[in-house]
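# Examination of the molecular architecture
Now for the letters of each chain:
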Amino acid sequence: MEPPLSGGSALDGAGSRDTGSRPRTGGTGSSEAVGGTDRTRVRRLPELAVHDRATLHAVLDAGRVGHLAIADGRQPYALPVAYARDGERVLLHGSTGSRLFRHLAAGAPACLTVTLLDGLVLARSAFASSMNYRCAMVLGELSVVDGDDRLAALERLSEHLLPGRWAAIRPPSAKELAATLVLALPLDECSVKVSDGPPDDPDDDLDRPVWAGVVPVVESLGTPQPDPRLRHDLPPPEW
C-alpha cells in the first residue's frame, strides 16, 4: 500500500529534482523537531525538509496569508486566510456567519499552508527550471478562542498584519466581537520545506547559450494612499 500523500508542495515541479548538485537547506532534528509524524514526513525531495522549530516560526512570521483546506463531505475546499502565529499556535478570525468557520469550530480537521516565493530559478531547460521557496504545512483541529484570550488574540492578529495600529485604532465593539469567531490551530503536527540555490542543470546542458541563474522575488509595500475622507493631517505608518 502506498504511504499517505503528505509533506509535498505545489511548487514541486519537474525542475525540483534531486541530482545532488544543487545546494539544499536542511535542519537537524531536535526534541522540538517538526515533520516527525507519518503524515508530515516529507517524502518528495526529503532533502528539502527542515526540522527545526525556529525555521517553522520564521516562515509563519514572514507570511500574512495562508491557505486553509478542509473537506466538506467529498468536496475539498482551500481558502485564503489572514493569520498570525502566537507562540505554538496559529490564530485565525472570521465571521460567525461563515459556514467554513463554523465547520472548523465544530472540530473539522484542517490543513494550513503558507508559502513564501523567494525566487525564480531559470535553468537551461524547462525541465530543470524551478522556484526558490519556503513553505510550511500545519495539520490539526482548530479550537475556539473565548473570553479575555479572544481580545488578546485579535490584538495579536492586528499587530502581525498591521504593526502598531492596535494602539491607535478604535477597539472592537461588543457587536463586532459577537460577530467575530477566533480560532486557534496548534503547531503540533507540521512540516517545513526550503528550496534555495542556483539551477541544477545536468553537465551536458552547461554549454548551451542560455542565461541561467536566479531572479529574486521580493515583496514590498507601496506608497500609502490616504482615504479621501481623511479629516486629520496625519502621517501614514512608517513601514
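Here the structure is shown first, and the text comes after it.
About the thresholds
Residues numbered from 1 in each chain as written. Predicted model: local features only at pLDDT ≥ 70, side-chain atom pairs only at ≥ 80, totals over all residues. Heavy atoms only, no water. Helix = DSSP H or I, 4+ residues; strand = E, 2+ residues; numbered from the N terminus. Buried < 20%, exposed > 50% of the residue type's maximum accessible area, 1.4 Å probe, protein only. Contact = heavy atoms within 4.5 Å. Arc of directions from axis to C-beta. Polar contact = N/O pair within 3.5 Å; in protein donor to acceptor, adjacent residues only side chain to side chain. Pairing = 2+ DSSP bridges.

## Remarks on the overall build of the protein chain
Broken down by element type, the protein chain carries four helices and 10 strands. Listed N to C, the secondary structure of the protein chain is α-β-β-β-β-α-β-β-β-α-α-β-β-β in terms of helices and strands. Buried residues in the protein chain amount to 35% of all 239 residues. When contacts within the protein chain are restricted to residue pairs at least 6 apart in sequence, long-range pairs at least 24 apart make up 75% of them.

## Details of helix H1 (residues 53-62)
Residues of H1 that are buried include every one of Arg53, Leu56, His57, Val59 and Leu60, and no others. Down the axis of H1, the buried side of the element spans an arc of 165 degrees, and every buried residue falls inside it. Where H1 is buried, its residues meet strand S3 (84-85), strand S4 (89-95), strand S5 (109-122), strand S6 (130-141), helix H3 (147-161) and strand S9 (189-195).

## Thoughts on the side chain of Arg89
Its place among the elements puts Arg89 in strand S4. Within the structure, Arg89 has its side chain in polar contact with the side chain of Asp149 (distance 3.3 Å). Discounting residues that sit within four places of it in the chain, Arg89 has contacts with Ala84, Val145, Asp149, Ala184, Leu185, Pro186 and Leu187.

## As for the sheet that holds S3
Reading across from one edge, S3-S4-S8-S7 is the order of the four strands in this open sheet, with antiparallel pairing throughout. Two strands close off the open sheet at either side, each with one partner strand: S3 and strand S7 (143-144).

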